[in-house]
Amino acid sequence: MFHNLPSTKQESNLSLYHPEPGSAESKKIPKFASVLTSVETVMRGKPVPLVLQKLALVCAFNAFDGGLLFALACRISHSCAPNCCRVILPDGRILIRAVRAITPNEELTISYPRENHILEDSRTRARMLSDTHGFVCDCVRCVEKDDMRAFQCDTPTCRKRGGQVWLPPPP
């Protein structure tokens, strides 16, 4: 299917972030190893062309839900406190929807892991992003106090502690 795309679309997809094939970074992402193994199986033991290795890395680092690549949407930066979410439509298109007011010149961000994962504690999110995308997140939730795991509480005991109840970190 990739080879049927016009060369401009192929170039656009291959320009998405990916480490160099064979680099230490490319080898530490389990998802890439899985994709490359699949390509090697299809190639029946023949050397995998460089363009296919690059495409496998592009998919491993950028694809949404089940391997979907969107040349523009895949360029949106990650945040654990995103201002947008992604919706895959039944016809295969993607919709990027604001989840809060966005100020002029504010960068659009989405959560790379599915939105339900943003409720995890920062240590769990950091491990997940490192394992799946090869980076350490430096968004406001990861570098400052993560107040998304707190709930308002109006009992006398809670008011003495600042009015918030915090979810405990996982064991």
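Structure first, text after, so check above.
A brief report on the enclosed structure follows. One numbering rule holds for all chains: residues counted from 1, following each sequence as written. Where local features are concerned, this predicted model is filtered to residues with pLDDT of at least 70; where side-chain atom pairs are given and counted, the filter is 80 or more; whole-chain, interface and lining totals use all residues. Hydrogens are left out, water is left out, and the side-chain values use all remaining heavy atoms of the structure.

### A short note on the overall build of the protein chain
At step 1: Each helix is a run of H or I in the DSSP string that is no shorter than four residues. Each strand is a run of E no shorter than two, and both are numbered from the N terminus. In terms of helices and strands, the protein chain carries seven helices and six strands.
At step 2: Beginning at the N terminus, the succession of helices and strands in the protein chain can be written as α-α-α-α-β-β-β-β-α-α-β-α-β.
At step 3: With a 1.4 Å probe rolled over the protein chains alone, any residue whose accessible area is under 20% of its type maximum counts as buried; one over 50% counts as exposed, and the rest are partly exposed. Relative to its full complement of 171 residues, the protein chain shows a buried share of 33%.
At step 4: Pairs of residues are marked as contacts when any of their non-hydrogen atoms sit within 4.5 Å. Contacts in the protein chain between residues at least 24 apart in sequence constitute 52% of all its contacts with a sequence separation of at least 6.
At step 5: Working note: accessible area of the protein chain is about 10900 Å², and carbon and sulfur atoms make up 59% of it. Areas reported as accessible are Shrake-Rupley estimates using a 1.4 Å probe. Residue values count occlusion only from the protein chains shown.

### Things to note about helix α4 (residues 50–62)
At step 1: With 13 residues, α4 ought to run about 18 Å at 1.5 Å a step, and its terminal C-alpha atoms sit 18 Å apart, in line with that.
At step 2: Buried within α4 we find Leu55, Ala56, Leu57, Val58, Ala60, Phe61 and Asn62. Any helix carries an expected span of 1.5 Å times its number of residues minus one.

### What to know about unusual backbone geometry
At step 1: The backbone of Asn105 sits at a positive phi, close to 70°, despite the residue not being glycine.
At step 2: Along the chain, Asn105 falls in the loop between β3 (94–98) and β4 (109–110).
At step 3: Residue Asn105 is classed as exposed on the basis of its relative accessible area of 83%.

### Section: the pairing of strand β2 (residues 84–88)
At step 1: Any two strands with at least two DSSP bridges between them are considered paired. Taken together, the five bridges between β2 and β3 define a ladder with antiparallel strand orientation. Bridge pairing in β3 places Ile88 opposite Ile94.
At step 2: What sits between the antiparallel neighbours β2 and β3 is a turn of five residues, in which Gly92 has the positive phi angle 90°.

### Observations concerning the side chain of Ser79
At step 1: Within the secondary structure, Ser79 is located in the loop between β1 (77–78) and β2.
At step 2: Among the polar contacts listed, one links the side chain of Ser79 to the backbone nitrogen of Ala81, at a separation of 3.0 Å.
At step 3: When near neighbours in sequence (up to four residues on either side) are disregarded, Ser79 contacts Thr109, Ile110, Ser111 and Cys139. Here a polar contact means two N or O atoms within 3.5 Å. Within protein one must be a hydrogen donor candidate and the other an acceptor candidate, and residues neighboring in sequence count only if both atoms are side-chain atoms.

### Let's talk about the packing of aromatic side chains
At step 1: Only the six-membered ring of Trp is used, alongside the rings of Phe and Tyr, when aromatic pairs are assigned; centres must lie within 6.5 Å, and planes under 30 degrees apart are stacked while those over 60 apart are edge-to-face, with the rest tilted. Within this structure, the stated rule accounts for three aromatic pairs.
At step 2: For the ring pair Tyr17 and Phe61, a centre distance of 5.5 Å and an interplane angle of 75° mean the geometry is edge-to-face. One end of the pair, Tyr17, is in the loop between α1 (7–14) and α2 (24–27); the other, Phe61, is in helix α4, with 44 residues separating them in the sequence.
At step 3: You can call Phe61 buried: its relative accessible area is 4%.
At step 4: Centroid distance Phe64 to Phe70: 6.2 Å. Interplanar angle 35°. Geometry classified as tilted. When sorted by exposure, Phe64 lands in the same class as Phe70, which is buried.

### Description of the nonpolar core
At step 1: The set of buried Ala, Val, Leu, Ile, Met, Phe, Trp, Tyr and Cys residues whose side-chain atoms join them within 4.5 Å is what this entry labels a nonpolar core. Leu16, Val58, Phe64, Phe70, Ala73, Cys74, Ile76, Cys84 and Ile110 together form the largest nonpolar core, which totals nine residues.
At step 2: Once residues within four sequence positions are removed from consideration, Cys84 is found in contact with Ile96, Arg97, Ala98, Val99, Ile102, Leu108, Thr109 and Ile110.

### Things to note about the pattern of salt bridges
At step 1: Basic side-chain nitrogens of Lys or Arg form a salt bridge, by our definition, when they fall within 4 Å of a carboxyl oxygen of Asp or Glu. Under the defined criterion, the tally for this structure stands at two salt bridges.
At step 2: Among the ionic pairs, Arg93 bridges to Asp91, the shortest N-O distance being 2.7 Å.
At step 3: When its relative accessible area of 51% is taken as the criterion, Arg93 is described as exposed.
At step 4: Arg100 is paired through a salt bridge with Glu106; the nearest N and O atoms lie 2.6 Å apart.

### Details of the environment of Cys80
At step 1: Here Cys80 is to be found in the loop between β1 and β2.
At step 2: Taking the C-alpha atoms as reference, Cys80 lies 7.5 Å from Cys142; in sequence the two are 62 residues apart.

Function-wise, these values are silent; they only describe arrangement.
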